[in-house]
Amino acid sequence: MALTELDHIAIAVHDLDAAIDWYATTLGATLAHREVVERDGVEEALLNVAESYVQLLTPTRDDSPVAKFLANKGEGLHHVGYRVADCGAALTDAVEAGARAIDEQPRLGSRGTTVAFLHPKTSFGTLIELVQE
Ligand code: CO
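The present account deals with the structure reproduced in this document. (Residues numbered from 1 in each chain as written. Predicted model: local features only at pLDDT ≥ 70, side-chain atom pairs only at ≥ 80, totals over all residues. Heavy atoms only, no water.)

## Topic: the coordination of the cobalt ion
Alright, step 1. Within the protein, H8 (NE2), H79 (NE2) and E129 (OE) serve as the donor atoms for the cobalt ion, at 1.9 to 2.0 Å.
Alright, step 2. In terms of primary sequence, the donors binding the cobalt ion are separated according to H-x70-H-x49-E. Highlighted residues: H8 in strand β1 (residues 5-12) and E129 in strand β8 (residues 128-132), separated in sequence by 121 residues. In this structure, H8 and E129 share a single accessibility class: buried. (Donors = N, O, S within 2.8 Å, 3.2 Å for Na, K, Ca; no water. Helix = DSSP H or I, 4+ residues; strand = E, 2+ residues; numbered from the N terminus. Buried < 20%, exposed > 50% of the residue type's maximum accessible area, 1.4 Å probe, protein only.)

See the structure below:
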């Protein structure tokens, strides 16, 4: 497998509108996409950074993993998404190399992408998302 591009850096925030405004006002970042991902219990906003994104994430319900993250760690870096050509192949390769998968199979992500997450325990403390466009 190869990582073809950085897809997004995901940052957990309490107030999505305030965070979008801050990135626009302070850094000139423009909104590319906004979506509620009900299955994951999150609303996300993607801001353009060249061919990649900053993804601002906020929980839509109390049992969302992002709600637990915010309660435990507060706002900040949540995960890094790397673009791959084939999410299933990349997931298999990563698991064979010793990474622990959170998703046993690739699944639907936002924007119609196919994604799979790798556990931070086996990746030096960073939650990693493999993203196939
Ligand atoms: Co992500």
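More follows now that the structure is in view.
## Some points on the packing of aromatic side chains
Alright, step 1. For the structure on display, the rule yields 1 aromatic pair.
Alright, step 2. When the centroid spacing of 5.2 Å and the interplanar angle of 75° are considered together, the rings of W22 and Y23 count as edge-to-face.
Alright, step 3. Classification of Y23 as buried rests on a relative accessible area of 17%. (Phe/Tyr/Trp six-rings, centres within 6.5 Å; stacked < 30°, edge-to-face > 60°.)

## Things to note about the pattern of salt bridges
Alright, step 1. Summed over all chains, the structure comprises 11 salt bridges.
Alright, step 2. Ionic pairing is found between D103 and R107, a salt bridge with its closest N-O pair at 2.9 Å.
Alright, step 3. According to the relative accessible area criterion, R107 is partly exposed, its value standing at 22%. (Salt bridge = Lys/Arg side-chain N within 4 Å of Asp/Glu carboxyl O.)

## Examining the sheet that holds strand β2 (residues 31-37)
Alright, step 1. Across the sheet, which stays open at both edges, the 8 strands sit in the order β2-β3-β4-β1-β5-β8-β7-β6 with mixed pairing between neighbours. Since the sheet does not close on itself, it has two edges, and those belong to β2 and β6 (107-108), each with one partner.
Alright, step 2. Pairing of β1 with strand β4 (residues 52-59), which is carried by 5 bridges, proceeds in the parallel orientation. Looking at β4, one finds that A10 is bridged to Q55.
Alright, step 3. On the sheet, helix α1 (residues 16-27) packs against β1, β2, β3 (42-49) and β4 and is oriented at approximately 155° with respect to β4.
Alright, step 4. Where helix α2 (residues 65-73) meets the sheet, its contacts fall on β1, β3, β4 and β5 (76-83), and the angle it forms with β4 comes to roughly 85°. (Pairing = 2+ DSSP bridges. Contact = heavy atoms within 4.5 Å. Axes fitted to C-alpha atoms, helices over the stretch in contact; angles between N-to-C directions.)

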